[in-house]
Amino acid sequence: MSKLGQVVESVENYNKFVLDQVKRARTDQKFGRELLGRWNDVKAKIPTTRTPTGLPLPRLALPEIDEPGEIARYLFGEGLPGEFPYLNAAYREMYLEPVREIESFEKNAGKAETKIPQLEEPTRLFSGLMLAEDTNERFHYLTRHQRTHRLSTAFDGPTLYGIDSDADGVFGKIGEGGVAIDTVEDMVRLYDGFDLGSANFSASMTISGPAPIIMAMYIAAAKRRFGPKVVPKLRGTIQADIFKEVQAQNETIFPIEPSLRFLTDMVEFTTREMPRWYPISISGYHIGEAGSTPVQQAAYTLSNGFAYAEMFAGRGIPTDQFGPRLSFFLDCGLDAEYIALARVSRRIWAIGMREVFGAGQRAQLLKLHTQTSGRSLIAAEFKNNLTRTAAELVLAYMNATNSCHSNSADEPFTTPSEEWIRLAAHGQAILLEESGIFKHTMNMLSGSPGMKAVERAVEAAILDEFREIERLGGVLAAVEERYQRSQIQNAAHRYEQQIYNGTRPIIGLNRYRDDEEIPEVKLARTPRSKQQLQVDRLAKFKKKNAEKATGALDKLAAAVERGENCFPMLLEAAEVCSLGQITGRLQEVVGRFRPMV
């Protein structure tokens, strides 16, 4: 039985354990009294807060139960926020505003209590356009609307495929749909003006095929600006998820096995040298955007995560070292499954990591970034996308996501404009700061009978997908059989059929449609002058570093051929070589990715 099969068995065994605890609590009076005592103690220690209208509310909402069996079902089956199996949240408190002094004073019978510090805001906005300095300008615009600086970076097509801007046939794609990054100098421009080593700064980079190369460039850029001592302080994540590329997105530049090796080299280095960095974001978002069902998205993402955990453990990296450095990325659409999809994923991950990989508490946590569904955005009557995104944000925060990106309403047409991206950011601020839905009480919307029904159905369906992947020989074998890709394609076809036959209502498209013409929207395009500037800068960089680049590429290729961890050589190469030069040399050694038929 593979690790994934063991995960299925562990979840099933844990569910039986929960039922046993429920039965024990009802038959063993001493155990029942202990649980009831713990429950009452937890409830007694919950602070009280007040809404602006003066209504007193608990900072944690718990079900009104006093029967030992139901208490056991809650404590063992769900867990309090921040407690195994983390169904309700990875952390004890999320999104809550600080306890006011007067509230603390009243709660503690006239004795003042230290305020609970305000946690970092979860909003993370995604941007990338034209050249590095243009995206940098947008980053500074976005952070004027954030308390903390959490930047998520989109790269243009050539960069995503590890191709230089001066390559044949790519000129018109430079800076389109994302930022063009060819060299460490571009990376310096990209984050200019931000303190990369600050505890309040975090960078996220959405790139997978050439992720180790881009990661090396980021480190090199940070060292240029702040010196080598900044490296352990760097905070953020890079996507680097090769499995989802093969399954859904197609931005793969090396064969699968070398891709996984380069990824593991990077994980090994960053785990040792960069304790605040997440070297892989295991991504279901692109699986969902490619057309999967919500259950397929969660099942493939989690199974990919367990496959990575097995791979990193096989390299000899201790689970409790790499486990806390894994992060996840899920889509959030409007299907009913999203009411509980992330909650269930968090529970399955915690059980699997603890029982199969022997992970400690920090390595059991599924730390999640959520993005509202790009696929749900419709060009027809596109202003309705504001409502769609708002509903998806509520679902994401109901699921206690750790960070969130809200899409812009104009994305069916173009890279978001400042107006619509500002409204997208304000959507989260209205929900988290202006409304009282999440800032007063944890679990405000959790635990309804409907949510519990969705949880049970989603967990059973995810485990069924695990069983099928296990039957095929595990994640890598299933990838080679094109199982995940074929299932995603079938689901995408059904989705489109449902839209066209009307069984899936899309307001403004196939229901309540107005005959008004689609409005003219100004497209964000990169001027040819900027594209030429990028090519000229690249030529200058290559000429300046020509001699050093040759030696660095030779050292990198030699390390790969010897089977060593090549990331230290990649760091050296990133100082003097372009993205395309490094990609090309590595492809000479390990080959190119060829899609499986």
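Bear in mind that the values here come from a model prediction, so they are computed numbers and not experimental data. (Residues numbered from 1 in each chain as written. Predicted model: local features only at pLDDT ≥ 70, side-chain atom pairs only at ≥ 80, totals over all residues. Heavy atoms only, no water.)

A. Inspection of the pattern of salt bridges at higher detail. The full count for this structure, using the stated rule, is 34 salt bridges. In this structure, the salt-bridge partner of Arg92 is Glu93, at a minimum N-O distance of 3.6 Å. In this structure, Glu588 and Arg585 form a salt bridge, with 3.6 Å as the shortest nitrogen-oxygen distance. With Glu588 and Arg585 both in helix 24 (residues 579-590) and three residues apart, this pair spans about one turn of that helix. The class for Glu588 is exposed, based on a relative accessible area of 63%. Residue Arg585 is classed as partly exposed on the basis of its relative accessible area of 23%. Each of Arg26, Glu67, Glu70 and Arg73 takes part in a single network of salt bridges with overlapping partners. (Salt bridge = Lys/Arg side-chain N within 4 Å of Asp/Glu carboxyl O. Helix = DSSP H or I, 4+ residues; strand = E, 2+ residues; numbered from the N terminus. Buried < 20%, exposed > 50% of the residue type's maximum accessible area, 1.4 Å probe, protein only.)

B. Quick look at the sheet that holds strand 7 (residues 277-278). Spatial ordering of the open sheet is given by 3-4-5-6-7, a layout of five strands whose pairing is parallel. Edge strands, defined here as strands with exactly one partner in the open sheet, are strand 3 (125-127) and strand 7. (Pairing = 2+ DSSP bridges.)

C. How the structure looks around the confidence of the model for the protein. Looking at the protein, pLDDT values average 91 and 95% of them are 70 or higher. At the low end of the mean pLDDT range in the protein sits helix 4 (residues 101-107), at 48; at the high end sits helix 14 (residues 341-357), at 98. Considering only residues more than four positions removed or in separate chains, one finds that residues 112-116, a stretch of pLDDT under 50, has ten contacts. (pLDDT = per-residue confidence, 0-100. Contact = heavy atoms within 4.5 Å.)

D. Spatial organisation of the sheet that holds strand 11 (residues 403-405). Across the sheet, four strands lie side by side as 8-9-10-11; this open sheet has parallel pairing. A single partner strand is all that each edge strand has here, and the edge strands are strand 8 (280-283) and strand 11. When the angles between neighbouring strand axes are averaged without regard to direction, this sheet yields 25°. Pairing of strand 9 (residues 326-332) with strand 10 (residues 368-372), which is carried by five bridges, proceeds in the parallel orientation. (Axes fitted to C-alpha atoms, helices over the stretch in contact; angles between N-to-C directions.)

E. Up close: helix 5 (residues 132-143). When the terminal C-alpha atoms of helix 5 are compared, their 16 Å separation across twelve residues agrees well with the 16 Å that a helix rising 1.5 Å per residue should span. Judged by how many residues are buried, helix 5 sits mostly within the fold: nine of twelve residues are covered. Within the span of helix 5, buried status applies to Ala132, Asp134, Thr135, Asn136, Arg138, Phe139, Tyr141, Leu142 and Thr143. Buried residues along helix 5 sit in contact with strand 3, strand 4 (149-154), helix 7 (184-190), helix 17 (418-434) and helix 21 (528-544). (Expected span 1.5 Å × (residues − 1).)

F. Helix 22 (residues 546-562), seen in detail. Under the 1.5 Å per step criterion, the end-to-end length of helix 22 is 25 Å for 17 residues, consistent within 8% with the ideal 24 Å. All of the buried residues along helix 22 are Ala549, Ala552, Leu553, Leu556, Ala557, Ala559 and Val560. Projected down its long axis, helix 22 carries its buried residues within an arc of 160°, all on one side. For helix 22, the exposed residues lying more than 90 degrees away from the buried face are Glu547, Glu561 and Arg562. Buried residues along helix 22 sit in contact with helix 10 (256-273), helix 23 (567-576) and helix 24. Downstream of helix 22 by a residue or two, Gly563 has a phi angle that is positive, lying close to 80°. (Arc of directions from axis to C-beta.)

G. Expanded view of the pairing of strand 8. Of the two faces of strand 8, the one lined by Ile280 and Ile282 and the one lined by Ser281 and Ser283 are each fully buried. The pairing of strand 8 with strand 9 spans four bridges and is classified as parallel. Counterpart to Ile280 in the pairing with strand 9 is Leu326.

H. Representation of unusual backbone geometry in the model. A cis amide bond, omega 0°, links Phe84 with the succeeding residue Pro85. Relative to the elements of secondary structure, Pro85 occurs in the loop between helix 3 (68-77) and helix 4. Even without glycine at this site, Arg482 takes up a positive phi of about 60°. Mapped onto the elements, Arg482 comes out in the loop between helix 19 (475-480) and helix 20 (483-501). Unusually for a residue other than glycine, Tyr512 sits at a positive phi of about 55°. Looking at where Tyr512 falls in the secondary structure, it is placed in the loop between helix 20 and helix 21. The exposure class of Tyr512 is exposed, given its relative accessible area of 64%.

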